[in-house]
Each structure stands twice: as C-alpha cells, then as structure tokens.
Amino acid sequence: DDDTGEVVDAHPSNYEAVPGGLPDIRARVEALQRKFNEESKVLKLELVLFTDALMHLMRISRLLAMARGSALLVGVGGSGKQSLSRLAAYIAGAYTFQITITKTYNQTNLFDDIKSLYKIAGFKGQPVCFIFTDAEVKDEGFLEYINQILMTGEVAGLLPKDELDMIVNDIRPIMKHQAPGVPDTWENLYGFFLNRVRDNLHLVLCFSPVGNKFSRRAQQFPGLINGCTIDWFLPWPEEALTSVSGKFIDEFTMACSTEAKDALKLMMGHVHVFVTAACQEYFEKFRRHVYVTPKSYLSFIQGYKELYSKKWAYTKELAVSIELGLQKMFEALASN
C-alpha cells in the first residue's frame, strides 16, 4: 500500500506476458531459488533451470495460484518433480507439506496430517501445497482418501462430531466477516469451511508411469485424473543434459583448457542420449525394460567428478615422488 507501506499481497497472481521472455523468468526464478536456500535450514535446492524445467515450474506455479488447482506430475524418478513443486510452492507463498513415512505410519497418522492441513487452509486461508508421491503409498487405502479430497473435499471418518462442532464454532467469525449476508446455520458454516479448504489446499501428486501400478490406480481412483491437471515429465532433451553437466563441470577444478571442458559437457549429454537409445533398442529386442533416469545422469556426473579427483590426486603424488627422485639424482651427480 503506497499510503501505509504495508504489504497488501506478497504473492500476487497476475496472468500477463513477461517483456523479457524466458531469460527474465530464468533470472527471477534463480534469484528466488537463492532466497529459498538462504531461508531453508534443512533442504537446499540446486536446480538447473533449463527451458523444459522452467516450463514445468510455470505450469505448477499457475496451478498453485488457482483456486482448487491440483497437479498430477507423471515422470520417471529423478525428473525433478518434487524439487520443482517445492520451489513453485515457495514462489506462490504456500505452506509446503510432505508426509514422512515410517514403519508405524498408518491411516491414523495420515488423518492427523490431513486435519492439520485442513485447519491451515480453512482457518488461516493460507495456500497449502501437499506433495504426495507414489513412494508414500504405504497402503492403497491412502489413495482413496486422496481421491475423496480431490473429488468432494470430504474424507469419510476424518472428523468426528465433536471436532466438527468445534470447527463450525471457530469458523463463525471468519464467515461473518467474509460473507455477512449468509445465515450462520451449521450447514452454511461447515460448507463455508469446506469451500475454503478446497480453494486453498493444492495437491501435487508425483507419480511414475513405470509398471502397471499407475494405470491400475488411474482406473480405481478416477479423482487422481479428473481432479488434477496432468503434466508429463518427458525425457530431458540433449540441450537440457548439456546445461546440467555445465553447472557441475564449470565450477569443478580441472587441469584442462576451457575448450576441453566444453567438449566434455557436450560428450556427457551425448552419452546419456546414446544410452537411453540403447535401452529402447534393448527393450525392442528382448522385451525387457532398463530405465535410465535423470537421477542416473546426475550420478554419472558425480561419479566422473569423484574418479577425476581421485586420479588427479594420485597423479600429483606421482609427480611429487618423481620430483624428489630427480632432485636426489641431481644432488648425487653434483657431489661426484
């Protein structure tokens, strides 16, 4: 506000063109990622924002800015679905939540987590980003509750009668402020609370299409498809792979020229594309799947850096030994 200096809306949702195009968006998102890493004590994001990643981020951001916007992100493991969702939630000013699976985690724990999210979304009116992956489906029944949240917002058996009465009483002053003309009957108050929850609770489902689980779940729980906007994370293009290798190799100290480094970055991207094509050829010949994911590519780069460091340290040790040997030989020659 120009008069008071207060922040009216820290995360405005404006759907308009960016004059500078993708370069401006990339610079802005990179700045927000640095800010996220400064504020986050535990989780640090090191995303390489190539064009495809930016496109996915913008789709997720737009869904989080929409009332009742939920996303189904489909892609193999390591595609960046969860990291991009966290960054998009931070940009949107949403409270991010992801369940922590333990040996004893069960339906009761899930209900407790959902209740706390309902209260944040319903009472505070704050956007909530609930990230749920297929690795967290400890029981197929979990998906039924997710299906109910997406379809109606009401989860069977979630709130007992006494808790419902408490919620209805607590929401009364909020409804009187926001909808003064509506009678504060029990049904109206509960409906107001439920609508606020549905407007502010955004589910981001991160699933893998590998195997038959995804197709079976889509048939059993139609809300996963009907209640979400689907975003497919396709294999990274070679340009993206080169950008990713560039981020790790550029800041890595190597005893070579800049041209050699550039050639190495291109070669790494080409190798991953070649291996992906070989996996497809293997499937066509032997009808057996072998998956090479972006996570495999990052492991490949990390493995290369570790091996290079090890060999470089060994080479320097050899050089020191040779230098000492030559020095002693020259000293012996001089004494004669």
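Just above sits the structure.
What counts and how
- Within each chain, residues carry numbers counting from 1 in the order of the written sequence.
- Selection of residues for local features in this predicted model requires a pLDDT of at least 70, selection of side-chain atom pairs for listing and counting requires 80 or more, and totals for whole chains, interfaces and linings are taken over all residues.
- No hydrogens and no water enter the side-chain calculation; it runs on all heavy atoms of the structure.
- For this analysis, a salt bridge means a side-chain nitrogen from Lys or Arg found within 4 Å of a carboxyl oxygen belonging to Asp or Glu.
- Runs of E in the DSSP output that reach at least two residues are strands. Runs of H or I that reach at least four are helices, and both are numbered from the N terminus.
- To sort residues, take the accessible area from a 1.4 Å probe on protein chains only and compare it with the maximum for the residue type: under 20% means buried, over 50% means exposed, and anything in between is partly exposed.
- Any pair of N or O atoms that falls within 3.5 Å is considered a polar contact. Within protein, one atom must be able to donate a hydrogen and the other to accept it, and sequence-neighbouring residues count only if both atoms are side-chain atoms.
- Only the six-membered ring of Trp is used, alongside the rings of Phe and Tyr, when aromatic pairs are assigned; centres must lie within 6.5 Å, and planes under 30 degrees apart are stacked while those over 60 apart are edge-to-face, with the rest tilted.
- Our definition puts a charge over a ring when NZ of Lys or CZ of Arg is within 6 Å of the ring centre and also within 35 degrees of the ring normal.

What follows covers the pattern of salt bridges. Taken as a whole and judged by the stated rule, the model has 12 salt bridges. For the salt bridge of Arg68 with Asp199, the shortest nitrogen-to-oxygen distance reads 2.9 Å. Of the two residues, Arg68 sits in the loop between α2 (51–65) and β1 (71–74) while Asp199 sits in helix α7 (residues 186–200), which places them 131 residues apart along the sequence. Residue Arg68 is classed as partly exposed on the basis of its relative accessible area of 36%. Looking at Asp199, the relative accessible area reads 30%, which means it is partly exposed.

Next up on the list: the environment of Arg59. You can see Arg59 is positioned in helix α2. The class for Arg59 is partly exposed, based on a relative accessible area of 42%. Expressed as a C-alpha distance, the spacing of Arg59 and Ser85, which sit 26 residues apart in the sequence, is 10.0 Å. Here the side chain of Arg59 touches His56 through a polar contact of 3.2 Å, side chain to side chain.

Here we take up the packing of aromatic side chains. Under the criterion given, the structure shown has 13 aromatic pairs. Aromatic pair Phe130 and Phe132: ring centres 6.0 Å apart, planes at 65°, arrangement edge-to-face. Phe132 matches Phe130 in its accessibility class, with the two residues each being buried. Between Tyr282 and Phe286 the ring centres are 5.1 Å apart and the planes differ by 45°, which places this aromatic pair in the tilted class. One end of the pair, Tyr282, and the other, Phe286, are both in helix α11 (residues 258–286), 4 residues apart, so they sit about a helical turn from each other. Given a relative accessible area of 54%, Phe286 falls into the exposed group. One aromatic cluster is present, formed by Phe97, Phe130 and Phe132 through successive ring pairs. Over the face of the ring belonging to Phe283 we find Arg287, whose NZ or CZ atom lies 4.3 Å from the ring centre.

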